[in-house]
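Residue-level structure breakdown
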Amino acid sequence: MVDTGSSDDSRNIVQRLGAKVFDFAWCDDFSAARNYSLEQASGDWIVVLDADEMIDPANWLRLRELVTTTERDAFFLSQHNYTNQRFEGGFVPTKQQTPSTRGFKGYKVHAIARLFRNSPAIRYRGHVHEVIDTSLSEEQYEVVNIVIHHHGEESPQRPKEVRQRSYLRLMEQDLDSDPSGRLYGTAASIRMHYLKD
């Protein structure tokens with residue numbers, strides 16, 4: 001685990017479970033923190049999960065099978081971003097409540113590269129909404145239907161509007177330096193919706 005300044009008991013919890021903890025001073029750059037964590041990893045493959053994400057136990061077996069039989073360097077998984085805001089584009093209603101859906105009315109699906117080889121050629125880019133996509137050619141990856149359950153709207157300590165305003169500030173640092181323009185639409189929609197701009 002790489003700790004960027006946690007104030008809860010997560011550090012002690014992971015240490016009790018036998019994990020190593022590395023410290024990284026937060027510098028308003030999610031890629032810098034993620035890349036530092038990649039430098040500490042010693043396994044052949046990397047799985048990236050945030051504290052508000054989970055993968056169902058049965059799918060961990062599928063992940064193990066994938067990495068033992070593939071020549072690919074990365075896999076895009078299906079991230080279900082749970083929300084109760086039906087007006088959001090791409091909203092998929094929850095058909096049945098399970099421990100993974102945690103009472104949310106639905107979710108948005110986003111393909112995200114979170115399983116990849118431990119290679120110095122694969123690194124994150126972007127201050128926020130960081131991705132490894134630019135490290136990969138089309139032949140290197142595959143999209144698979146393994147779900148990451150993302151419960152980002154669950155924490156009352158970090159309301160969505162507060163998070164989005166913070167993300168917008170970091171996104172705007174990348175807009176001029178990222179020739180792909182991948183964050184322009186996201187930044188514009190956040191600004192229009194939350195800042196009434």
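Residues numbered from 1 in each chain as written. Predicted model: local features only at pLDDT ≥ 70, side-chain atom pairs only at ≥ 80, totals over all residues. Heavy atoms only, no water.

1. Observations concerning the pairing of strand S7 (residues 106-117)
Two elements, strand S3 (residues 45-47) and S7, share three bridges in a ladder whose sense is antiparallel. Bridge pairing in S7 links Ile46 to Phe116. Pairing analysis gives ten bridges linking strand S5 (residues 74-83) to S7, with the strands arranged antiparallel. Note on S7: the bridge partner recorded for Thr83 is Gly106. Relative to S7, strand S6 (residues 92-93) is paired through two bridges, and the arrangement is antiparallel. (Pairing = 2+ DSSP bridges. Helix = DSSP H or I, 4+ residues; strand = E, 2+ residues; numbered from the N terminus.)

2. Examining the confidence of the model for the protein chain
When pLDDT is averaged across the protein chain, the result is 86; 83% of the residues are at 70 or more. Element-level mean pLDDT values for the protein chain span from 67 in helix H5 (residues 184-195) up to 97 in S3. (pLDDT = per-residue confidence, 0-100.)

3. A word on the pairing of S5
Each regular strand shows side chains that alternate between the opposite faces of the sheet. Of all ten residues making up S5, ten are buried, and the element is well covered by its neighbours. Burial along S5 is two-sided: Ala74, Phe76, Ser78, His80 and Tyr82 facing one way and Phe75, Leu77, Gln79, Asn81 and Thr83 facing the other are all buried. Sheet topology note: the S5/strand S8 (residues 141-150) ladder contains seven bridges and is parallel. What sits directly across from His80, in S8, is His149. (Buried < 20%, exposed > 50% of the residue type's maximum accessible area, 1.4 Å probe, protein only.)

4. Remarks on the side chain of Thr83
As for its placement among the helices and strands, Thr83 is situated in strand S5. From its side chain, Thr83 meets the backbone nitrogen of Gln85 in a polar contact 3.0 Å long. (Polar contact = N/O pair within 3.5 Å; in protein donor to acceptor, adjacent residues only side chain to side chain.)

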